[in-house]
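Structure at a glance
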Amino acid sequence: MSWSQHRITLEARPRGVHLVTSEIVEKVPQLRELRIGLAHIFIRHTSASLTLNENASPDVRRDFETWFGAFVPEDFAWTHTLEGADDMPAHVKASLMGPALTLPISDGRLALGTWQGIYLCEHRDRGGSRSLLVTLNGGSRHEHVE
Amino acid sequence: MSWSQHRITLEARPRGVHLVTSEIVEKVPQLRELRIGLAHIFIRHTSASLTLNENASPDVRRDFETWFGAFVPEDFAWTHTLEGADDMPAHVKASLMGPALTLPISDGRLALGTWQGIYLCEHRDRGGSRSLLVTLNGGSRHEHVE
Amino acid sequence: MSWSQHRITLEARPRGVHLVTSEIVEKVPQLRELRIGLAHIFIRHTSASLTLNENASPDVRRDFETWFGAFVPEDFAWTHTLEGADDMPAHVKASLMGPALTLPISDGRLALGTWQGIYLCEHRDRGGSRSLLVTLNGGSRHEHVE
């Protein structure tokens with residue numbers, strides 16, 4: 001049984017929805033050691049978020065951004081506007097998607113469905129680089145797990 | 001301390017929100033062995049999702065579907081339309097609800113509130129059967145857990 | 001390696017979004033014992049929810065409530081209205097935010113970002129006190145965790 005924790009940084013990206021599965025997996029090679037476990041991937045910000053969705057078509061990611069623009073609009077009765085028109089919508093979008101993903105690990109890999117990929121949702125125009133904390137927990141491939 | 005992982009299949013259901021608590025619990029009898037733990041229930045799809053909500057009135061589940069239809073509409077500026085009018089809304093709804101539930105286990109049972117039940121949200125008209133991966137982790141009822 | 005589970009009660013609050021980080025942390029002193037781990041914070045209700053967002057400006061919390069009022073409105077084609085106009089919107093909002101937070105623990109503290117705080121989202125006008133179940137799991141600070 002083992003626990004490990006890994007701080008990783010995702011480089012600055014423009015506002016929008018970005019596929020980051022392989023970038024995250026490559027930065028946490030320790031997950032290859034786990035036979036059964038969970039990967040908890042946590043973004044330490046309140047204006048960017050993580051979700052799981054379709055990993056093939058870029059249209060899907062573009063359409064997410066269009067939906068956000070219509071249903072969490074900048075032009076709204078916000079009072080918290082000091083940090084820019086994109087700030088308060090970013091906070092609401094961040095909670096709608098959520099700050100964390102808990103993903104199953106099987107035989108050293110994330111046990112995602114065929115079409116599932118990790119999206120970094122950057123809700124600010126200039127959010128800068130984003131800091132993630134990944135916590136791995138599971139039974140090692142080299143020990144018996146009852 | 002133990003880990004186990006269980007693939008389960010939920011039969012095809014029509015578009016809408018379906019209560020599946022007892023179906024899931026029956027398919028994972030291993031959770032009865034855990035004194036304290038967590039059940040991670042993961043759907044391996046991007047057009048169906050899992051959430052927790054009111055387990056009594058079918059009206060609540062119907063009203064969820066009505067809300068989805070109004071606030072994640074089919075008639076919208078989607079560009080990803082090749083797979084049908086219900087596809088892109090399904091992706092957005094799936095991320096709004098989320099692909100996983102992590103639920104506490106106490107004394108061999110899911111420690112849900114009185115009114116809480118697991119909803120399978122089927123966002124496609126013909127989504128087919130849905131594949132779930134359940135990961136259980138906890139302290140056994142037969143060992144001392146410090 | 002240890003597991004523990006703690007029932008805590010949050011006192012009744014008016015409808016709206018409330019910052020409860022320190023209240024929760026103070027009620028679960030056991031998390032100080034964990035070197036690496038996860039805290040699973042679960043609300044046992046279907047008309048209140050938990051999310052993580054900006055811990056400084058009260059405007060942000062007020063604006064969340066304004067957004068909810070516009071995009072999950074009381075005046076809508078709901079059929080489940082027996083329990084009051086605020087009930088069915090509360091159910092939808094609860095699933096949008098979610099019933100649980102899984103948060104990383106590092107060196108005996110929640111490893112939140114600088115601006116992150118735990119929000120209790122009270123979606124009912126008179127929701128009463130709210131019951132939470134916190135499950136802690138991790139490696140103790142007094143043992144070697146491989």
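Scroll up to find the structure this text is about.
So, a few notes on the structure that sits alongside this text.

A short note on the relation of the copies chain A and chain B
Mapping chain A onto chain B is achieved by rotating through 120° and translating by 0.0 Å along the same axis, at an RMSD of 0.0 Å. Such a combination of rotation and displacement between the chain copies is what one expects of a three-fold axis. No C-alpha of chain A lies nearer the rotation axis than that of Leu 96 of chain A, which sits 3.4 Å from it.

Things to note about helix 3 (residues 87-97) of chain B
Owing to its 3.6 residues per turn, the α-helix brings residues three or four apart onto one side. Residues and elements named next belong to chain B. Most of helix 3 sits out of view: 11 of its 11 residues are buried. Those residues of helix 3 that fall on the buried side of the exposure criterion are Asp 87, Met 88, Pro 89, Ala 90, His 91, Val 92, Lys 93, Ala 94, Ser 95, Leu 96 and Met 97. At the C-terminal side of helix 3, Gly 98 shows a positive phi close to 105°.

With respect to the side chain of Thr 102 of chain A
Its place among the elements puts Thr 102 of chain A in strand 5 (residues 100-106). Not counting residues up to four positions away in its chain, the partners in contact with Thr 102 of chain A are Leu 38, Ala 39 and His 40 of chain A, His 40, Ala 100 and Thr 102 of chain B together with Thr 102 of chain C.

Examining the sheet that holds strand 4 (residues 48-54) of chain B
Strand pairing in a sheet relies on backbone hydrogen bonds. The paired strands run either parallel or antiparallel. All names here are of chain B. Spatially, the 3 strands line up as an open sheet ordered 2-7-4, and their pairing is antiparallel. The open sheet terminates on both sides in strands that have one partner only, identified here as strand 2 (16-19) and strand 4. For this sheet, the mean inter-axis angle between neighbouring strands, taken without regard to orientation, is 35°. The sheet contact formed by strand 4 and strand 7 (residues 116-122) spans 7 bridges and is antiparallel. Note on strand 7: the bridge partner recorded for Leu 52 is Ile 118. Contacts from helix 2 (residues 58-71) reach strand 2, strand 4 and strand 7, with the element oriented near 155° to strand 2. In this fold helix 3 packs onto strand 4 and strand 7, with an angle of close to 45° to the strand it touches most, strand 4.

What counts and what doesn't
- Residues numbered from 1 in each chain as written.
- Chains lettered and ligands numbered in written order.
- Predicted model: local features only at pLDDT ≥ 70, side-chain atom pairs only at ≥ 80, totals over all residues.
- Heavy atoms only, no water.
- Least-squares fit on C-alpha atoms with pLDDT ≥ 70 in both.
- Buried < 20%, exposed > 50% of the residue type's maximum accessible area, 1.4 Å probe, protein only.
- Helix = DSSP H or I, 4+ residues; strand = E, 2+ residues; numbered from the N terminus.
- Contact = heavy atoms within 4.5 Å.
- Pairing = 2+ DSSP bridges.
- Axes fitted to C-alpha atoms, helices over the stretch in contact; angles between N-to-C directions.

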